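As a plain string of letters, each chain reads:
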Amino acid sequence: MKLSICTDVMADLSFTEMLDKCVALGVEGIEMTGGGWSPAPHFRADELLADRSLLASRLKEIDARGLKIAALNCSGNPLDPGELGERHRGEIEKTIRLAGEIGVERIVTMSGLPAAAPGDSVPNWLVYTKSWPDEMPERDRYQWEDCAFPYWHGLVRLADEVGVERFALENFSAMLVWNPQTLFRLRNEIGPKVGMNLDPSHLFWMGACPIAAARALGDAIHHCHGKDTRIERGLADVNGLLELAEVTDVANRAWNYVAVGAGHDLQWWKEFFSVVRMQGYNDWVSLEMEDFTMSTEAGIQSSIDALKQTISR
């Protein structure tokens, strides 16, 4: 496996400064965003598709430093029934086209979350049950069969057209795909080009075991994020894990995203990467750092140190 970093954590740095920082950190690859919820500070797809000289210049800078593009990321909600969904669909498509043009085979994104019925104006995450009340089965069917399946069949056709090999869907909350079971519901319909970006941090706060999830996913692991979560003692016992507080309110949350090793020790991470490797994944692990309990610089460095000690090479 090889270590990369999601460069949005260095959004305050220019493109050149970001690359130099990656070299200094000793990572081998970079995962950059093309659009979506991210402002895409370093590699915006629409900007680069419109300016081929700028694209060539940035690719030259990456190559000059011996870095590789691990993946292009465009995380958003393409199934949102409003203007947001329209924008995200366009930016995901542009990111796919950019990836095909520069020979990047992997797109990290999200499955999307539609409304629960025709005419609704907001997405609806139906995680209570799909059997009761009586209207739930139809809402579940509508989201998957009328919204998600047609969209993803079209996205795979576009990927085939431009040469993108795989989609890695992050197991994120408020998305149709948020765990292995929901990933396979989409993959069984769409095909093996759709797999998971296995991010342990979200599975932790959902109460799942990322090691068990890796075993269940097998060759459906298409990418891996190195990101940790700490369940905060005492607070989670009172209110459970469905946390509504702002992510910056770290002292009062039942769980927090933390630097790698600050939630689970290095022995856990060694086992996790060993099992991921056993399932056949031998590729990029991208650090995604969203720890608000310490400075960004400290979080990046401590996470890099931990991942270098635990990634199966």
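So, here's what we can say about the structure. Since this is a predicted model, take the numbers as computed values, not measurements.

### Topic: the packing of helix α10 (residues 266-278) against helix α11 (residues 296-310)
Reasoning step 1: It is at 9 Å that the axes of α10 and α11 come closest, and there the two elements cross at 55°. Comparing their axes, α11 and α10 come out oblique. When you trace α10 past α11, the crossing you get is right-handed. Here Leu266, Trp269, Lys270 and Phe273 of α10 come into contact with α11, specifically with Ala306, Leu307, Gln309 and Thr310.
Reasoning step 2: A class-by-class count of the residues in the contact of α10 with α11 yields five nonpolar, two polar and one charged.

### Points about the environment of Glu246
Reasoning step 1: Here Glu246 is to be found in the loop between α9 (235-239) and β9 (255-258).
Reasoning step 2: In the structure, Glu246 is positioned 15 residues away from Gly261 in sequence and 22 Å away in space, judged by C-alpha atoms.

### Section: the sheet that holds strand β2 (residues 29-33)
Reasoning step 1: One closed barrel accounts for eight strands, arranged β1-β2-β3-β4-β5-β6-β7-β10; its pairing is parallel. Along the sheet, successive strands turn relative to each other by an average axial angle of 30°, direction set aside.
Reasoning step 2: Pairing of strand β1 (residues 2-6) with β2, which is carried by three bridges, proceeds in the parallel orientation. Paired with Cys6 across the strands is Glu31, a residue of β2.
Reasoning step 3: Strand contacts of helix α5 (residues 136-162): β4 (106-109), β5 (166-170) and β6 (194-198), with the helix running at about 140° to β5, the strand carrying the most contacts.

### A closer look at the pattern of salt bridges
A side chain of one charge can pair with a side chain of the opposite charge when the charged atoms of the two come close.
Reasoning step 1: According to the stated counting rule, one finds 21 salt bridges in the structure shown.
Reasoning step 2: Put simply, Arg141 and Glu145 hold a salt bridge, and the shortest N to O gap is 3.5 Å. Linking Arg141 with Glu145, this pair stays in helix α5, spanning four residues, or about one helical turn.
Reasoning step 3: Put simply, Lys227 and Glu290 hold a salt bridge, and the shortest N to O gap is 3.0 Å. Taken together, the residues Lys227 in the loop between β7 (221-226) and β8 (228-231) and Glu290 in the loop between β10 (284-287) and α11 connect sequence positions 63 residues apart.
Reasoning step 4: Salt bridges here are not isolated pairs; linked through shared partners, they connect Arg44, Asp46, Arg87 and Glu91.

### Thoughts on the environment of Ala11
Reasoning step 1: Tracing the backbone through its elements, the reader meets Ala11 in the loop between β1 and α1 (15-25).
Reasoning step 2: The partly exposed category is assigned to Ala11, whose relative accessible area is 40%.
Reasoning step 3: Spatially, the C-alpha atom of Ala11 lies 8.3 Å from that of Ala40, the residues being 29 residues apart in sequence.
Reasoning step 4: Leaving out residues up to four positions away in the same chain, Ala11 has contacts with Pro41 and His42.

### Brief notes about the side chain of Ser75
Reasoning step 1: By secondary structure assignment, the location of Ser75 is in the loop between β3 (68-73) and α4 (83-102).
Reasoning step 2: A distance of 2.7 Å separates polar atoms of two side chains, one belonging to Ser75 and the other to Asn73.
Reasoning step 3: Discounting residues that sit within four places of it in the chain, Ser75 has contacts with Gly35, Gly36, Trp37, Val108, Thr109, Met110 and Glu170.

### Focus: the side chain of Ser303
Reasoning step 1: Within the element layout of this structure, Ser303 appears in helix α11.
Reasoning step 2: Looking at Ser303, the relative accessible area reads 1%, which means it is buried.
Reasoning step 3: Not counting chain neighbours up to four residues away, the residues in contact with Ser303 comprise Ala259, Val260, Leu287 and Met289.

What counts and how
Residues numbered from 1 in each chain as written. Predicted model: local features only at pLDDT ≥ 70, side-chain atom pairs only at ≥ 80, totals over all residues. Heavy atoms only, no water. Axes fitted to C-alpha atoms, helices over the stretch in contact; angles between N-to-C directions. Helix = DSSP H or I, 4+ residues; strand = E, 2+ residues; numbered from the N terminus. Parallel < 35°, antiparallel > 145°, perpendicular 65-115°, else oblique. Left-handed = near helix turned anticlockwise from the far one by under 90°. Contact = heavy atoms within 4.5 Å. Nonpolar A, V, L, I, M, F, W, Y, C, P; charged D, E, K, R; others polar. Pairing = 2+ DSSP bridges. Salt bridge = Lys/Arg side-chain N within 4 Å of Asp/Glu carboxyl O. Buried < 20%, exposed > 50% of the residue type's maximum accessible area, 1.4 Å probe, protein only. Polar contact = N/O pair within 3.5 Å; in protein donor to acceptor, adjacent residues only side chain to side chain.

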